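These are the residues of each chain, in order.
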Amino acid sequence: MKQNIRTNKRVQIPQLSSEQKLLYRKVVFLLAAGFCLTPWASPPIALMLGIFLAVTHENPFHQISRPAAKYLLEASVIMLGFGMNLAVVLKAGASGALFAVGSITATFILGYFLGKWLKIPIVASALISAGTAICGGSAIAAVSSVINAAESEISVAMGTVFILNAVALFVFPPLGHALHLTQTQFGTWSGVAIHDISSVVGAASHYGQSALYTATAVKLSRALWIVPISAAASYIFQHQQKKSGETLQHKPQVPWFIGLFLLASVARTFIPQIVDWAPLITRISEAGLTLTLFLIGAGLSQRMLKAVGWKPMLQGVVLWVFISVTSLVIIMLVVR
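Presented here is a report on the structure given in the accompanying data block.

Calculation criteria
Residues numbered from 1 in each chain as written. Predicted model: local features only at pLDDT ≥ 70, side-chain atom pairs only at ≥ 80, totals over all residues. Heavy atoms only, no water. Axes fitted to C-alpha atoms, helices over the stretch in contact; angles between N-to-C directions. Helix = DSSP H or I, 4+ residues; strand = E, 2+ residues; numbered from the N terminus. Left-handed = near helix turned anticlockwise from the far one by under 90°. Contact = heavy atoms within 4.5 Å. Nonpolar A, V, L, I, M, F, W, Y, C, P; charged D, E, K, R; others polar. Phe/Tyr/Trp six-rings, centres within 6.5 Å; stacked < 30°, edge-to-face > 60°. Buried < 20%, exposed > 50% of the residue type's maximum accessible area, 1.4 Å probe, protein only. Polar contact = N/O pair within 3.5 Å; in protein donor to acceptor, adjacent residues only side chain to side chain. Core = buried A, V, L, I, M, F, W, Y, C linked by side-chain atoms within 4.5 Å. Expected span 1.5 Å × (residues − 1). Salt bridge = Lys/Arg side-chain N within 4 Å of Asp/Glu carboxyl O.

**Section: the packing of helix α2 (residues 43-56) against helix α7 (residues 151-178)**
So, point 1. Contact pair α2 / α7: the axes reach a minimum separation of 9 Å and the direction vectors enclose 145 degrees. Regarding α2 and α7, the two cross each other, and that crossing is left-handed. Contacts between α2 and α7 involve Pro-43, Pro-44, Leu-47, Met-48 and Ile-51 on the former and, on the latter, Phe-162, Ala-166, Leu-169 and Phe-170.
So, point 2. Partitioning the contact of α2 with α7 into residue classes produces 9 nonpolar, no polar and no charged.

Structure (structure tokens):
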């Protein structure tokens, strides 16, 4: 009998060169970014898509995506001002200011004792507290520049805040609906309790237009505290820096775009022609903010995540739960 002998031939799969791999990653990245500008993309989807690409493909534009996200976020926030009446901005900002002094002070005090108890380096602990108390990554960047924080300490704080921001984007809207919060209540709560303005806007836009405007105004009024907090941090850490022979040469970073946001709101209030363009400008702004969340997610690095140990994460979670619960209780009692 004749036996049929099969010969297994190994299929040769052509290997891509490094240039071809880079081109492939760039095409995938740009297609994903383009998708985030379509009506099918939402802020949570954009954030998760950015994180997925960062983990699986790496960001081929990592050198420009972070500054691009910063400037796109600021431009989008300024455009939001064209859709907001000045009276609404001032009212929301005033209501948020009522919580600012007490919540920021309490967060820093609690963060200080938590850091000591968990034996977290004081600089990293201060940066986590600043990010939680004020406005996430912007506050961390500002405070770190005036206290000469090391790159590793900044990565710990940024990674902690980034993870909690992503969680807040998914958790806050369902909680708001479950608690039957009004648009104003949810907007105020988001502006106080969520770290970065990008996630604040992403969560509030899912809840409603009024919540979006309130949350934006509250968060921006809170971001103004970057300047005095940075100045205070510079003064407190100055003696320690002098002992080590270092000098503080940086000045607090002033969030100038908030002033432009207010000017846009003034224009919306007193120039009737802008009212007709406001809906279009708002849609462009919301698309820009969705793309911003994609870029923020794509800027995630494994080094940043590895830098976050369980102690800094525990401090961040405790501070976040503290400010979320206490502000929620107060808002439900006094805001309608």
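**Structural notes on the packing of aromatic side chains**
So, point 1. This structure, assessed with the given rule, holds 7 aromatic pairs.
So, point 2. Plain terms: the ring middles of Phe-29 and Phe-61 are 5.3 Å apart, the flat faces sit at 55 degrees to each other, and that makes the pair tilted. Taken together, the residues Phe-29 in helix α1 (residues 18-35) and Phe-61 in the loop between α2 and α3 (62-81) connect sequence positions 32 residues apart. The burial state of Phe-29 is the same as that of Phe-61; both residues are buried.
So, point 3. Consider the rings of Tyr-112 and Phe-113, whose centres lie 5.3 Å apart with planes at 75 degrees: the pair is edge-to-face.
So, point 4. On the basis of relative accessibility, which here comes to 42%, the residue Tyr-112 falls in the partly exposed class.
So, point 5. Since its relative accessible area comes to 52%, Phe-113 is described here as exposed.
So, point 6. One aromatic cluster is present, built from ring pairs that chain together Phe-172, Phe-186, Trp-189, Tyr-207 and Trp-320.

**Here's the deal with the side chain of Ser-144**
So, point 1. In this fold, Ser-144 is placed in helix α6 (residues 137-146).
So, point 2. Its relative accessible area of 8% is what places Ser-144 among the buried residues.
So, point 3. Within polar-contact distance, the side chain of Ser-144 engages the backbone oxygen of Ala-141 at 3.0 Å.
So, point 4. Setting aside its immediate chain neighbours within four residues, Ser-144 contacts Leu-127, Ala-149 and Ile-154.

**Considerations on the nonpolar core**
So, point 1. Of all hydrophobic cores here, the largest spans 77 residues; its most connected members are Val-77, Leu-127, Ile-147, Phe-172 and Trp-189.
So, point 2. Contact partners of Val-77, with chain neighbours within four places excluded, come to Ile-197, Thr-216, Leu-220, Phe-257, Phe-261, Ser-285 and Leu-289.
So, point 3. In this structure, Cys-36, Ala-46, Leu-53 and Leu-295 belong to the second largest nonpolar core, which totals 12 residues.

**A few points about helix α9 (residues 197-207)**
So, point 1. Of all 11 residues in α9, 9 are buried; the element is thus mostly enclosed.
So, point 2. Three or more residues of α9 are buried, namely Ile-197, Ser-198, Ser-199, Val-200, Val-201, Gly-202, Ala-203, Ala-204 and Tyr-207.
So, point 3. Elements in contact with the buried residues of α9: α2, α3, α7, α8 (183-193), α10 (209-223) and α13 (272-298).
So, point 4. Of the residues one or two after α9, Gly-208 is the one with positive phi, at around 155 degrees.

**Considering unusual backbone geometry**
So, point 1. For Lys-119, which is not glycine, the phi dihedral falls at a positive 60 degrees.
So, point 2. Along the chain, Lys-119 turns up in the loop between α4 (86-118) and α5 (122-135).
So, point 3. Given a relative accessible area of 69%, Lys-119 falls into the exposed group.
So, point 4. Phi is positive for His-180, which is not a glycine, with a value near 55 degrees.
So, point 5. Take His-180: it is sitting in the loop between α7 and α8.

**A word on the side chain of Glu-153**
So, point 1. Within the element layout of this structure, Glu-153 appears in helix α7.
So, point 2. Residue contacts for Glu-153: discarding those within four places in its chain leaves Val-123, Ala-124 and Leu-127.

**Regarding the packing of α7 against α8**
So, point 1. Where α7 meets α8, the closest approach of the two axes is 11 Å, and the angle between their N-to-C directions is 145 degrees. Once α7 is placed against α8, the crossing between them reads as right-handed. Counted together, Phe-172, Pro-173, Leu-175 and Gly-176 of α7 and Phe-186, Trp-189, Ser-190 and Ala-193 of α8 form the full contact between these two elements.
So, point 2. Of the residues contributing to the contact of α7 with α8, the split by class is 6 nonpolar, 2 polar and no charged.

**Focus: α5**
So, point 1. Spanning 14 residues, α5 covers 19 Å between terminal C-alpha atoms, matching the ideal 20 Å at 1.5 Å per step.
So, point 2. The buried count for α5 comes to 13 of 14 residues, which makes it a mostly enclosed element.

**Here we look at the pattern of salt bridges**
So, point 1. Counted by the stated rule, this structure contains 1 salt bridge.
So, point 2. Here Lys-70 and Glu-74 are joined by a salt bridge, their closest N and O atoms 3.1 Å apart. Taken together, the residues Lys-70 and Glu-74, both in helix α3 and 4 residues apart, mark about one turn of the helix.
So, point 3. Judged by relative accessible area, Lys-70 falls into the partly exposed class, the value being 41%.

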